[in-house]
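Coordinates in review
What follows is each chain in one-letter form.
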Amino acid sequence: MFYYSPMLLGLCLLFAVAIAATALWRMSRPYSGPGFWMAGSWSLIVGILLFIGFILTGSPTLNVLGNAGQLAGEALFLLGIFRFMDRALPWWIVPLSVSLMILFNIHYWMFEGNSDFLMGVYSTIAGLLPVQAIWLLLREKSDPATRPARLLVGISLLVYSTVTLLRGYLGYRNWWNDAPYINPYESFSYLLPYNFAIPALVMGFIGVTLMTMQRILANSEQHAQRARRSAMRFERLLGASTSAVMIVRAGLIRDANMRLEQLSGLPRERLVQQPVLTLFPERNQKLIAQHLSRPHACQLDTEALHVSGQQFPAEISIAPLGDESHDLVVEMRDVSHRKALEEQLLLLATQDSLTSALNRRAFNAEAQLALKRAARYQRPLTLAVLDLDHFKRINDAYGHLAGDLALKRFAELCRNVLREGDIFSRFGGEEFVLLLAETDASASMLLLERLRKEVSELVLEHGPDHFGVQVSAGLSEWQPGDTLDSLFKRADQALYTAKSSGRNRVIPWTGTTAEIATDI
């Protein structure tokens, strides 16, 4: 009896809708709405199947559950529209519509009610359910991208509501006129929804599918526009940056700005797809490769390579781009100016500006380390204090510029005589200090005596004037337990002895050397 019935056709259509709604839900996550449409479609099918079971068995329970299930499915379907359009959900329509139907259905079975009246109640509830959604769909203007599909859904639901309410009117009329009972699958009023309302509901589902697709496409276009704007901003930032910036993936340069062309001397076309390590000297490539493999941001100082082969100091910053591509942002800055400034500041902080010898602070720091090494390994160490003889007479006779010339030439002679590892410092005025590593007093005497002779043979020219200089020196060899102060005091006492003995000589400290307090 169902083979030619619209009820079977409607059921098949709803099965197709439910399957399509399930696919839409899986495809469109996390968009809101399709989950309700899927739940509503399956609930509607379950309700129809239960009602068909009632037709076949006459079970009141199946009748009650079938009608309640169909109304619950329709209500859930409509809730999906509110969720899709980001409106507050009228949850109350689900329990209210289902509860009313169950009450009237139970009353029908308990008191042998009229089936046409019951059909009228069901149709009234089902026809009024879409009213809020229809109003929302037809008047909404804030989402122009989905407007055509919204109109289709609104009109389809309007047809569904009109047909369903017409079915309710026919049911009430038959009840009022006390028309004889007709089987549901033979009743025009009962089959009216299957012929017209369910097709309208299918059209409504097609409309909500189009709404979802239009929403996805609109959002995709917005994302694409934002991506294009971000890419433009990124390009502008790369171009405006004073640093060389490159995108690196799997060790290869994927993109770079103009500054990298300037630093490397290579055009961008040659840089792209080249290993990033080729920008650095071979001795530094292993270290840079280790930093490139780290999962977090890092920074290092190294040397970079120009295409000409010239190397320059560079500061490298490496950071993950933060997307699924595992790209790295590598920023490279030429810090030649900074390095030169640092070296200049270091020289100013550690060297005497006139003679380029170490100043007292830098000498003390290096001398302390030398004393610790001598104590640890029990190696010889000698400290010598040198003073230019009668330096005040040079300043008075030839001027301070001549005195400065004498100091500079003396410092040059000292550096020529000294060995690598010896520490040379100007303590102030015409006083200098030598720390001779790995050298005992006897060897130090030979070195200082050679220096003294070369100084005494020096002839300086200052304008029309010619003059010479002489130097006196006192030295002391390190002994276990010595500090820098005790070593310096002994050498200073030996210098006083050299001064008091006639100057222009080198005197080692001995235990019998008397401290001379006379001002020389």
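Each value, and the rule that gives it
Throughout this document, residue positions are counted from 1 along each chain, in the order its sequence is written. Under the rules for a predicted model, residues below a pLDDT of 70 receive no local features and side-chain atom pairs below 80 are neither given nor counted, while totals for whole chains, interfaces and linings still include all residues. As a convention, hydrogens and water are excluded, and side-chain values are obtained from all of the structure's heavy atoms. Helix and strand assignments come from DSSP, with helices taken as H or I runs of at least 4 residues and strands as E runs of at least 2, each series counted from the N terminus. Given the number of residues in a helix, its expected span is that number minus one, multiplied by 1.5 Å. Relative accessible area decides the class of each residue, using a 1.4 Å probe on protein chains only: under 20% of the type maximum gives buried, over 50% gives exposed, and in between gives partly exposed. A pocket here means an open set of points on a 1 Å grid, computed over the protein atoms alone, that has protein on both sides within 12 Å along at least five of seven lines. A cavity is instead a set of points where a 1.4 Å probe fits but cannot get out; residues with an atom within 4 Å of a point line either one. Grid points are joined across faces, edges and corners, and a volume is the space filled by probe spheres set on the points. Under the convention adopted here, Pro, Cys and the residues Ala, Val, Leu, Ile, Met, Phe, Trp and Tyr are nonpolar, Asp, Glu, Lys and Arg are charged, and Gly plus all remaining residues are polar. Between any two strands, at least two bridges found by DSSP are needed for them to pair. A pairing counts as a salt bridge when a side-chain nitrogen of Lys or Arg comes within 4 Å of a carboxyl oxygen of Asp or Glu. Lines fitted to the C-alpha atoms define the axes, with helices restricted to the stretch that makes contact. Angles between their N-to-C directions range from 0 to 180 degrees. Residues count as neighbours in contact if any of their non-hydrogen atoms are within 4.5 Å of one another. Here, patches come from residues exposed beyond 30% relative accessible area and free of salt bridges, joined within 9 Å for like charges and within 5 Å for nonpolar side chains (Val, Leu, Ile, Met, Phe, Trp, Tyr). Method for areas: the Shrake-Rupley scheme with a 1.4 Å probe, in which residue coverage is limited to the protein chains shown. The set of buried Ala, Val, Leu, Ile, Met, Phe, Trp, Tyr and Cys residues whose side-chain atoms join them within 4.5 Å is what this entry labels a nonpolar core. Under this definition, polar contacts are N or O atom pairs within 3.5 Å; protein pairs additionally need one hydrogen-donor-capable and one acceptor-capable atom, and for neighbouring residues in sequence, both atoms have to be side-chain atoms.

1. Overview of helix 3 (residues 60-84)
The first and last C-alpha atoms of helix 3 sit 37 Å apart over 25 residues, in line with the 36 Å expected at 1.5 Å per residue. Among the 25 residues that make up helix 3, 20 are buried, leaving the element largely enclosed by the rest of the structure. Within two residues after helix 3, Asp86 carries a phi angle of roughly 55°, on the positive side.

2. A look at empty space enclosed by the protein
Under the definition given, this model contains two cavities of 30 Å³ or more. In this structure, the largest cavity occupies an estimated 70 Å³ of space. Along its surface, the largest cavity is lined by Leu14, Val17, Gly40, Ser41, Leu44, Gly73, Glu74, Phe77, Leu201, Val202 and Phe205. Those elements giving two or more residues to the lining of the largest cavity turn out to be helix 1 (6-28), helix 2 (34-57), helix 3 and helix 8 (188-240). Residue composition of the lining of the largest cavity, grouped by class: seven nonpolar, three polar and one charged. Counted as a void, the second largest cavity has a volume near 30 Å³. Around the second largest cavity, the lining residues are Glu74, Phe77, Leu78, Pro130, Leu157, Tyr160 and Leu201. Elements that contribute at least two residues to the lining of the second largest cavity include exactly helix 3 and helix 7 (147-176). No other element matches the three residues that helix 3 contributes to the lining of the second largest cavity.

3. Quick word on the pairing of strand 8 (residues 431-437)
For strand 8, the buried fraction is high: six of the seven residues fall into the buried class. Pairing of strand 6 (residues 381-388) with strand 8, which is carried by seven bridges, proceeds in the antiparallel orientation. Across the sheet, Thr382 pairs through a bridge with Leu436, a residue of strand 8. As paired strands, strand 7 (residues 423-428) and strand 8 are joined by five bridges and run antiparallel to one another. Each bridged residue has a counterpart across the sheet, and for Ile423 the counterpart in strand 8 is Leu435.

4. What to know about the pattern of salt bridges
Counted under the stated rule, the structure contains 16 salt bridges. Between Arg409 and Glu412 there is a salt bridge, with its nearest N and O atoms 3.6 Å apart. Residue Arg409 and its partner Glu412 are located together in helix 15 (residues 400-417), separated by three residues, close to a single helical turn. We classify Arg409 as partly exposed; its relative accessible area is 31%. Each of Glu315, Glu331 and Arg333 takes part in a single network of salt bridges with overlapping partners.

5. Notes on the sheet that holds strand 7
Read across the open sheet, the five strands follow the order 7-8-6-11-12; overall the sheet is mixed. At either end of the open sheet lies a strand with only one pairing partner, and these are strand 7 and strand 12 (506-508). Neighbouring strand axes in the sheet, compared pairwise and without regard to direction, differ in orientation by 20° on average. Its contacts with the sheet place helix 13 (residues 360-377) against strand 6, strand 7 and strand 8, and it is angled at close to 140° to strand 7. Contacts from helix 17 (residues 484-500) reach strand 6, strand 7, strand 8, strand 11 (471-477) and strand 12 within the one sheet, and its direction differs from that of strand 11 by about 140°.

6. Observations concerning a nonpolar patch on the surface
A cluster of nonpolar side chains, Phe15, Ile19, Trp42 and Leu49, forms an exposed patch at the surface whose accessible area comes to about 350 Å². If you list the elements that add at least two residues to the nonpolar patch, you get helix 1 and helix 2. Within the fold, Trp42 resides in helix 2.

7. A word on the nonpolar core
Core analysis: the largest hydrophobic core is formed by 53 residues, its most contacted members being Trp37, Ile81, Leu157, Val208 and Met211. When contributions to this core are tallied by element, the ones reaching two or more residues are helix 1, helix 2, helix 3, helix 4 (93-110), helix 5 (115-128), helix 6 (131-139), helix 7 and helix 8. Discounting chain neighbours no more than four positions away, the residues touching Trp37 are Ala21, Leu24, Phe77, Gly80, Ile81, Phe84, Val208, Met211 and Thr212. Grouped together as the second largest cluster of nonpolar side chains are 32 residues, Ile394, Val455, Leu460 and Val469 included.

8. Digging into the side chain of Asp422
Structurally, the position occupied by Asp422 is in the loop between helix 15 and strand 7. In this structure the side chain of Asp422 is engaged in a polar contact, spanning 2.9 Å, whose partner is the backbone nitrogen of Arg419. Polar side-chain contacts of Asp422 include one of 3.5 Å to the backbone nitrogen of Ala437.

9. Focus on the sheet that holds strand 5 (residues 328-334)
What the five strands build is an open sheet, ordered 2-1-5-4-3; its pairing is antiparallel. Two strands in the sheet have a free side with no partner beyond their single neighbour: strand 2 (252-256) and strand 3 (298-305). Neighbour-to-neighbour, the strand axes of the sheet open up by a mean angle of 35°, direction not taken into account. With four bridges joining them, strand 1 (residues 244-249) and strand 2 adopt antiparallel strand pairing. By the bridge assignment, Arg249 is partnered in strand 2 with Leu252. The sheet contacts of helix 11 (residues 282-292) involve strand 3, strand 4 (311-320) and strand 5, and relative to strand 3 the element is tilted by about 150°.

10. Considering the environment of Asp396
As for its position among the elements, Asp396 is in helix 14 (residues 391-398). Separated by 366 residues in the primary sequence, Asp396 and Pro30 have C-alpha atoms spaced 93 Å apart.

11. Some thoughts on unusual backbone geometry
Notably, His390 is not glycine yet its phi reads approximately 50°, a positive angle. Within the secondary structure, His390 is located in the loop between strand 6 and helix 14. You can call His390 partly exposed: its relative accessible area is 31%. A positive phi angle is found at Glu438, which is not glycine, with a value near 55°. Summarising the element assignment, Glu438 is placed in the loop between strand 8 and helix 16 (441-456).

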